[in-house]
Amino acid sequence: MKTLRLIATFYISIAYVSLLITLFCSIISYTNGIQTFAALFWFKIITLGLISYIINYYKRDEYFYYKNLGLRSRLLWISALSFDFLIFIILFIISIKIR
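Conventions we followed
- Residues numbered from 1 in each chain as written.
- Predicted model: local features only at pLDDT ≥ 70, side-chain atom pairs only at ≥ 80, totals over all residues.
- Heavy atoms only, no water.
- Phe/Tyr/Trp six-rings, centres within 6.5 Å; stacked < 30°, edge-to-face > 60°.
- Helix = DSSP H or I, 4+ residues; strand = E, 2+ residues; numbered from the N terminus.
- Buried < 20%, exposed > 50% of the residue type's maximum accessible area, 1.4 Å probe, protein only.
- Lys NZ or Arg CZ within 6 Å of the ring centre and 35° of its normal.
- Axes fitted to C-alpha atoms, helices over the stretch in contact; angles between N-to-C directions.
- Parallel < 35°, antiparallel > 145°, perpendicular 65-115°, else oblique.
- Left-handed = near helix turned anticlockwise from the far one by under 90°.
- Contact = heavy atoms within 4.5 Å.
- Polar contact = N/O pair within 3.5 Å; in protein donor to acceptor, adjacent residues only side chain to side chain.

1. Digging into the packing of aromatic side chains
Scanning the entire structure with this criterion turns up 13 aromatic pairs. Ring geometry for Phe 10 versus Tyr 66: centroids 5.8 Å apart, planes at 85°, classification edge-to-face. A residue pair is termed long-range when its members are at least 10 positions apart, and Phe 10 in helix α1 (residues 2-32) and Tyr 66 in helix α3 (residues 63-68) qualify at 56 residues. Relative accessible area serves as the criterion here: at 3%, Tyr 66 is assigned to the buried category. Here Phe 41 and Trp 42 contribute two aromatic rings whose centre-to-centre distance is 5.2 Å and whose plane-to-plane angle is 85°, an arrangement assigned as edge-to-face. On the basis of relative accessibility, which here comes to 52%, the residue Trp 42 falls in the exposed class. Its end group placed over the ring of Tyr 57, Arg 60 keeps NZ or CZ at 4.6 Å from the ring centre.

2. Here we look at the packing of α1 against helix α2 (residues 37-58)
Where α1 meets α2, the axes come as close as 11 Å, and the angle between the chain directions of the two elements is 165°. By the criterion of interaxial angle, the relationship of α1 to α2 is roughly antiparallel. Remark: the crossing between α1 and α2 carries right-handed chirality. Contacts from Ser 13, Ile 14, Val 17, Ser 18, Ile 21, Thr 22, Phe 24, Cys 25, Ile 28 and Ser 29 of α1 reach α2 at Leu 40, Phe 43, Lys 44, Thr 47, Leu 48, Ile 51 and Ile 55.

3. Thoughts on the side chain of Thr 47
One can find Thr 47 in helix α2. The exposure class assigned to Thr 47 is buried, which follows from its relative accessible area of 11%. A polar atom in the side chain of Thr 47 sits 3.0 Å from the backbone oxygen of Lys 44.

Printed below as a string of structure tokens:
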């Protein structure tokens, strides 16, 4: 339970920008249909890479906090990015289904 709470705390640092991009992609997929999936998929991957680079640069000192609590930065990033990409896929499917 402690690990999930720490991962959620870390995810909040990227959630605002990432969820805004996911919402933007959902709106585009709703208006243009499934043919935009490839472009939006790569757009999301590239923006996740940019977000992780920027956050990693500005919050590198915070990794000591998580490391002292027993979490490696790799686990934090894999969990946060996987959860965010799962949200992207779910919202994409929902926007295609209700279209």
